[in-house]
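Commentary on secondary and tertiary structure
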Amino acid sequence: MIDDGAEIGTAWSAFCARLADAGARLAADPFPAAGADRARCVRHLLRQLVMAVQAELEFSDPANPMFHRYEEPWVQWGGPNPDNVYTRAAINPAATYRVRGNVAGVRSALFSLVDGDMHLGRFGVFSEQSLADLDVGPDGAFELWISPDHHDHNWFESDPEARMFLVRQYLCNWESDRAATLTIEPVDGRGVPPVAMTAPDLTDALDRAATWVERSMEFWAMYVEKARATLPRNDVSPPATPKGGAPSIAYGAGWWELGADEALLVTTDVPDADYWGWTVHHRFRLDSGDFANRQTSLNMVQTHADADGRIRFVLAHDDPGVPNWIDTEHQREGMLVYRSIGTRSRPTVECRVVPLAAVRDALPADHPNVAPADRREQLAARRAGVLARYS
């Protein structure tokens, strides 16, 4: 007879040893050896652990799928978009699933059938539809099908390699845009309770969770280091779609390096697109900063456009008192990224470094000022809008 207790004990010890190794990895290049950045990286490891354990213990069963929220302010990886509410569910490509929800008040959403996470070497995107592609009832109610067999409406044809169904909902007005709550159920398993976890199930889940954490920490750190070596300094590249990214989303990026008394002035025309937004991504972690509490991103609704039809962002460590400030969180260097969906124009982007004290002189005379009290109110509303997504 197999000793389940011994098996679980061995699995737990191996899991803890691998976490210790992951922590030790943070002491080597390219990770920072000390200081606030070192603390942020250790916190990031812990957040990744929470995500991985939840995913593998609670949300990995395709016979009993549930939508799992991810890329929240407190658990990020892979350069998330602060304007998205991300959810995903495990699927079996041979099974049939029904997804239901009500999207009344939802601005936009993107539904994708994929094979998993990029840092696990899973880059496949097998099917993708936007909310506008789906048949939705007059009250906002809808249902869609995921299956190998044809369905007449809102059908995602399964691919033999598909393992996950992702939903990105876009919230541009963080105070009023709504995020829908979705459910997913296997048609053949409706009302059937999940099978009780066994010792081998737990052992496998712990192994998968440890692998997820190890590879996420390494893959995204190296991804950022490659970007740091290749992206234009204090400038941005033309838009493109990276391998494993959503095909309908175009990205452009650059790398900032700014002194304490410098700012990066970014000027462009207002894009003709269904959606666009700008955000920072930090070195080592490829997160989007503390976007709930700081203005580390701006989108098409939040951005001020000047009378000449152009938009001017100011990337700086300290608040320059302008509406389109993008906060670096006092990081001397990092990645600045813009995204667009349904792009019908690709305006050029102009960047130049200016003294922080001279930002006002570099802007149009009628460009608004933002007083410190107004900024605090703006940030308070931003925080309330983000936290309302998860209440």
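Read on for an overview of the structure.

Here is what the cut-offs are and how they apply
Residues numbered from 1 in each chain as written. Predicted model: local features only at pLDDT ≥ 70, side-chain atom pairs only at ≥ 80, totals over all residues. Heavy atoms only, no water. Helix = DSSP H or I, 4+ residues; strand = E, 2+ residues; numbered from the N terminus. Rg over C-alpha atoms; globule rule 2.2 N^0.38 Å. Buried < 20%, exposed > 50% of the residue type's maximum accessible area, 1.4 Å probe, protein only. Contact = heavy atoms within 4.5 Å. Pairing = 2+ DSSP bridges. Phe/Tyr/Trp six-rings, centres within 6.5 Å; stacked < 30°, edge-to-face > 60°. Lys NZ or Arg CZ within 6 Å of the ring centre and 35° of its normal. Expected span 1.5 Å × (residues − 1). Core = buried A, V, L, I, M, F, W, Y, C linked by side-chain atoms within 4.5 Å. 1 Å grid on protein atoms, 1.4 Å probe; cavity = no way out; pocket = protein on both sides within 12 Å on 5 of 7 lines; lining within 4 Å. Points joined across faces, edges and corners; volume = space filled by probe spheres on them. Nonpolar A, V, L, I, M, F, W, Y, C, P; charged D, E, K, R; others polar. Salt bridge = Lys/Arg side-chain N within 4 Å of Asp/Glu carboxyl O. Axes fitted to C-alpha atoms, helices over the stretch in contact; angles between N-to-C directions. Parallel < 35°, antiparallel > 145°, perpendicular 65-115°, else oblique. Left-handed = near helix turned anticlockwise from the far one by under 90°. Polar contact = N/O pair within 3.5 Å; in protein donor to acceptor, adjacent residues only side chain to side chain.

Along the protein, the regular secondary structure elements total 4 helices and 17 strands. Taking 21 Å as the expected radius of gyration for a compact globule of 391 residues, we find that the protein reaches 22 Å, a close match to that expectation. For the protein, the C-alpha atoms occupy an extent of roughly 80 × 55 × 35 Å along the three principal directions. A buried classification covers 48% of the 391 residues belonging to the protein. Partitioning the intrachain contacts of the protein with sequence separation of at least 6 by distance along the chain shows that 76% fall at a separation of at least 24.

Of all the 8 residues making up strand S11 (residues 262–269), 6 are buried; the element is thus mostly covered by neighbouring parts of the structure. Pairing of S11 with strand S17 (residues 349–355) involves 7 bridges; the strand directions are antiparallel. Pairing of Leu264 across the sheet is with Val353, part of S17. With 7 bridges joining them, S11 and strand S14 (residues 310–316) adopt antiparallel strand pairing. From the neighbouring strand, Ala263 faces S14, where its bridge partner is Ala316.

Turning next to the side chain of Glu72. Tracing the backbone through its elements, the reader meets Glu72 in the loop between strand S1 (68–70) and strand S2 (84–90). Glu72 sits in the buried class, given a relative accessible area of 8%. Look past the residues within four positions of Glu72 in its chain and what remains in contact with it is Phe291 and Tyr390.

Let us look at the packing of aromatic side chains. Considering all chains together, one arrives at 15 aromatic pairs under this definition. Seen in terms of ring centroids, Trp77 and Trp212 are 4.9 Å apart; in terms of plane orientation they differ by 85°. Their pairing is edge-to-face. With Trp77 in the loop between S1 and S2 and Trp212 in helix H3 (residues 199–230), the pair connects residues that are 135 residues apart, well separated along the chain. Here the two residues Trp77 and Trp212 agree in accessibility, since each one is buried. Consider the rings of Phe156 and Phe165, whose centres lie 5.2 Å apart with planes at 80°: the pair is edge-to-face. Through successive ring pairs, a cluster of aromatic residues spans Tyr70, Trp77, Tyr86 and Trp212. Here Arg88 stacks its cationic end above the ring of Tyr70, 4.6 Å away from the centre of that ring.

Turning next to helix H2 (residues 35–58). A rise of 1.5 Å per residue sets the reference length of H2, with its 24 residues, at 34 Å; its end C-alpha atoms lie 35 Å apart and thus fit the reference within 8%. Those residues of H2 that sit buried are Cys41, His44, Leu45, Gln48, Leu49, Met51, Ala52, Ala55 and Glu56.

Another point: the nonpolar core. Grouped together as the largest cluster of nonpolar side chains are 36 residues, with contacts concentrated most on Met51 and Met335. Only helix H1 (4–25), H2, strand S8 (164–170), H3, strand S10 (249–257) and strand S16 (333–341) provide two or more residues apiece to this core. Looking at which element gives the most residues to this core, the answer is H3, with 10 residues. When near neighbours in sequence (up to four residues on either side) are disregarded, Met335 contacts Ala227, Leu231, Ala253, Gly254, Trp255, Trp256, Thr279, Val280, His281 and Leu286.

To find leftover empty space, a probe the size of one water molecule is rolled over the atoms. This model, assessed by the stated rule, comprises 5 cavities of 30 Å³ or more. As a volume, the largest cavity reaches approximately 140 Å³. In terms of lining, the largest cavity is formed by 13 residues, of which the most central are Pro271, Tyr338, Ser340, Arg346 and Pro347. Counting residues per element, the ones that place at least two in the lining of the largest cavity are strand S12 (275–281) and S16. Among the elements that take part in the lining of the largest cavity, S16 stands out by supplying 3 residues, more than any other. Tallied by class, the residues present in the lining of the largest cavity amount to 7 nonpolar, 4 polar and 2 charged. Taken as a whole, the second largest cavity holds about 70 Å³ of empty space. Residue lining of the second largest cavity: Arg40, Arg43, His44, Arg47, Pro73, Gln76, Arg285 and Asp287, and that is the complete set.

To continue, consider the pattern of salt bridges. Summed over all chains, the structure comprises 25 salt bridges. In this structure, Asp319 engages Arg375 in a salt bridge whose closest nitrogen and oxygen atoms are separated by 2.8 Å. Of the two residues, Asp319 sits in the loop between S14 and strand S15 (325–327) while Arg375 sits in helix H4 (residues 372–388), which places them 56 residues apart along the sequence. Salt bridges here are not isolated pairs; linked through shared partners, they connect Glu225, Arg228, Arg283, Arg332 and Glu333.

Attention shifts here to the packing of H1 against H2. Close contact between H1 and H2 brings their axes to 11 Å; oriented N to C, the two are set at 150°. Relative to H2, the element H1 is oriented roughly antiparallel. Crossing hand, H1 versus H2: right-handed. In this structure, H1 uses Phe15, Leu19, Ala22 and Gly23 to contact H2, whose residues at the interface are Arg38, Leu45, Leu49 and Val53. In terms of residue class, the contact of H1 with H2 is made up of 6 nonpolar, 1 polar and 1 charged.

The next subject is the environment of His153. Looking at where His153 falls in the secondary structure, it is placed in the loop between strand S6 (141–147) and strand S7 (155–157). A relative accessible area of 51% places His153 in the exposed class. In this view, His153 contacts Asp135 and Trp145; residues no more than four positions away in its chain are not counted. Among the polar contacts listed, one links the side chain of His153 to the side chain of Asp135, at a separation of 3.1 Å.

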